[in-house]
Amino acid sequence: MAVKDRDRFSTTTRLKLLGEQTAARVYRSQTKRQARRSRLTGRAALLALVLCSLIVALAYPIRQYVSQRAEISNLQRQQEQARQRVEQLRDLKARWQDDSYAEQQIRQRLHYVMPGETGYIVIDPDAAKQSRAELGAADRPWYSNVWDGVDKSDASDQ
């Protein structure tokens, strides 16, 4: 027994025992860390899966919401433009109710004159020359235009 007690209290035995205890603690802490890491990774994966599914589930409704809001703002803008147009037309209608405005527009647009007045229309000479140049075919007799049309259609067949 004395040898056993002596071995029990020897430095080498104590160092071996201390090394084994330390190794056991390190092994336990590593297994706990690994267990903790795997549990955290699983939670993180589950959280990521839930977030991804929420994003996928909400993507279409959010897109619809944004497009509908854009459409609503577009319709409101059109409605405001229509209101402004209605106001302009009401204003114009009220102006046409006035006899002096109607007389002014008739004189200006239809070139009417009051009895006893002399009406003049000034024509820009450059505009007259330009309109004659554009009318080229109108200066010739009608049968020449018809015959040219026949010639052109005959030439396109060949």
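Just so it is clear, the structure is predicted and the values come from calculations on it, not from any experiment.

(A) Looking closely at the overall build of the protein. Within the protein, the secondary structure is distributed over five helices and zero strands. Put simply, the protein runs from its N terminus to its C terminus through helices and strands in the order α-α-α-α-α. Classification of the 158 residues of the protein by burial places 2% in the buried group. As presented, the protein carries roughly 15000 Å² of accessible surface, and 58% of it is formed by carbon and sulfur atoms.

(B) Layout of unusual backbone geometry. Of note in the backbone geometry, H111 takes a positive phi value of approximately 60° without being a glycine. Within the fold, H111 resides in the loop between α3 (99-110) and α4 (125-134).

(C) Structural detail: the packing of aromatic side chains. If you walk through the whole model with that rule in mind, you get two aromatic pairs. When the centroid spacing of 5.9 Å and the interplanar angle of 80° are considered together, the rings of W142 and Y143 count as edge-to-face. Note on accessibility: W142 and Y143 belong to one class, exposed.

Rules used in this analysis
Residues numbered from 1 in each chain as written. Predicted model: local features only at pLDDT ≥ 70, side-chain atom pairs only at ≥ 80, totals over all residues. Heavy atoms only, no water. Helix = DSSP H or I, 4+ residues; strand = E, 2+ residues; numbered from the N terminus. Buried < 20%, exposed > 50% of the residue type's maximum accessible area, 1.4 Å probe, protein only. Areas by Shrake-Rupley, 256 points an atom, 1.4 Å probe, with all protein chains shown as cover. Phe/Tyr/Trp six-rings, centres within 6.5 Å; stacked < 30°, edge-to-face > 60°.

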